[in-house]
Amino acid sequence: MTHDHPAAPDRGTSRPFGRLITAMVTPFTADGSLDLDGAGRLAQYLVDEQGNDALVLNGTTGESPTTTDAEKEALIRAVAEAVGDRARILAGVGTNDTRHTIELAAQAEKAGAHGLLVVTPYYNKPPQSGLLRHFTAVADATGLPIMMYDIPHRAGTAIATDTLVRLAEHGRIVAVKDAKGDLAATSEVLARSDLAFYSGEDALTLPSLAVGAVGVVGTSTHFTGVQTRQLIEAYEAGDPTTALALHRRLLPLYTGIFRTQGVILVKAGLAAKGLPAGPVRPPMVDATADELAQLRADCAAAGLALPE
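Residues numbered from 1 in each chain as written. Predicted model: local features only at pLDDT ≥ 70, side-chain atom pairs only at ≥ 80, totals over all residues. Heavy atoms only, no water.

*Asks:* Can you help me understand the overall build of the protein chain in this one?
*Replies:* Helix and strand content of the protein chain: twelve helices and eight strands. What you see for the protein chain is a C-alpha radius of gyration of 18 Å, in line with the 19 Å of a compact globule of 308 residues. Judged by the C-alpha coordinates and their principal axes, the protein chain covers about 50 × 45 × 35 Å. A burial count over the protein chain gives 56% of its 308 residues as buried. Contacts in the protein chain between residues at least 24 apart in sequence constitute 71% of all its contacts with a sequence separation of at least 6. Accessible area of the protein chain: about 12,300 Å², with a carbon and sulfur share of 52%. Averaging the positions of the 26 positive and the 35 negative side-chain charges in the protein chain gives two centres separated by 2 Å. (Helix = DSSP H or I, 4+ residues; strand = E, 2+ residues; numbered from the N terminus. Rg over C-alpha atoms; globule rule 2.2 N^0.38 Å. Buried < 20%, exposed > 50% of the residue type's maximum accessible area, 1.4 Å probe, protein only. Contact = heavy atoms within 4.5 Å. Areas by Shrake-Rupley, 256 points an atom, 1.4 Å probe, with all protein chains shown as cover. Lys, Arg positive; Asp, Glu negative; His and termini not counted. Charge placed at Lys NZ, Arg CZ, Asp CG, Glu CD.)

This is how it looks when you write it as structure tokens:
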């Protein structure tokens, strides 16, 4: 599988971070400390075997609420060294503190990230004027391209259509990870801006493509990457019948990976495959035997065997 060297995306790039992106889990050792060697090996698996164009590090699936700033930096360096020559590294830097987000953005840029994922400030629920100021301040402070992350069911606040369109005028705000679940609103932003949209929900990849999205930032794509890439490429090639067949085949795992918090089942599945993962950190809890059995059933339903 060949990958172009990750050039610096610019406003004229229709898919600035490629098509297939996985929000990578952060491997830990048995005692819960950061497993940098494992992170490099997992990144290689995701890029070389699962076909990812880019990886998100330090997102929620990467357990960013429970990793330190120093751990976040070390993870970026390790993964950039492992796959940075053939995949783009997107660093999750979003917090609910603009100043801290800017600090993490500077740290990520220095550590070798190619872009930033910036989530809506969560819990403190700023108004739209505050969101505009937050994203603009981060974009002004970095040299890296930014993917905004619109996920109102976690953040507590949606990025309004008009706010997204205004933010699209910034030269470094190039993309959106769209987990709003409102395809009409997505359609309007796409019609009024040149933002690149990536589905933030695995199961909405195909319908998102239908309204103009360019790819997905996935969780189940730790396992479904090859087939999800085929889905996207089939749709882009004018073969919606094949894309729909893949969507329906993969749906049990697209949805099943979220029967509990996604990182819990991803780590359980990776461990079953003998890949680096390790335990989750509290307040997450590791998958139960019943949850792992259900994951095996969901994988089987999607045509993807998980080793016993």
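Further notes follow.
*Asks:* Just to check I follow, could you spell out the environment of R259 for this structure?
*Replies:* In this fold, R259 is placed in the loop between α10 (240-256) and α11 (262-272). Between the C-alpha atoms of R259 and T161, which are 98 residues apart in sequence, the distance is 30 Å. What R259 contacts, discounting residues up to four positions off in sequence, is L265, Q294 and D298. At a separation of 2.7 Å, a polar atom in the side chain of R259 contacts the side chain of D298. (Polar contact = N/O pair within 3.5 Å; in protein donor to acceptor, adjacent residues only side chain to side chain.)

*Asks:* In this structure, what is going on with the pattern of salt bridges? I would like to understand it.
*Replies:* Pairs may arise between side chains of opposite charge once their charged atoms sit close together. What the rule picks out here adds up to 15 salt bridges. Here E73 ties to R77 by a salt bridge, and the two come within 3.1 Å at their closest N and O atoms. On the criterion of helical spacing, the pair formed by E73 and R77 is a turn pair, its members being four residues apart in helix α2 (residues 69-83). Three or more residues are tied together by salt bridges with common partners; here these are R15, R19 and E236. (Salt bridge = Lys/Arg side-chain N within 4 Å of Asp/Glu carboxyl O.)

*Asks:* Is there a simple way to explain the environment of S220 in this structure?
*Replies:* Turning to its location among the elements, S220 is positioned in the loop between β8 (215-218) and α9 (221-236). Judged by its relative accessible area of 0%, S220 falls in the buried class. Along the chain, S220 and H247 lie 27 residues apart, while their C-alpha atoms are 13 Å from each other. Discounting chain neighbours no more than four positions away, the residues touching S220 are D202, L253, Y254 and I257. At 2.6 Å, the side chain of S220 forms a polar contact with the side chain of D202.

Treat this as a map of the structure, not an account of what it does.
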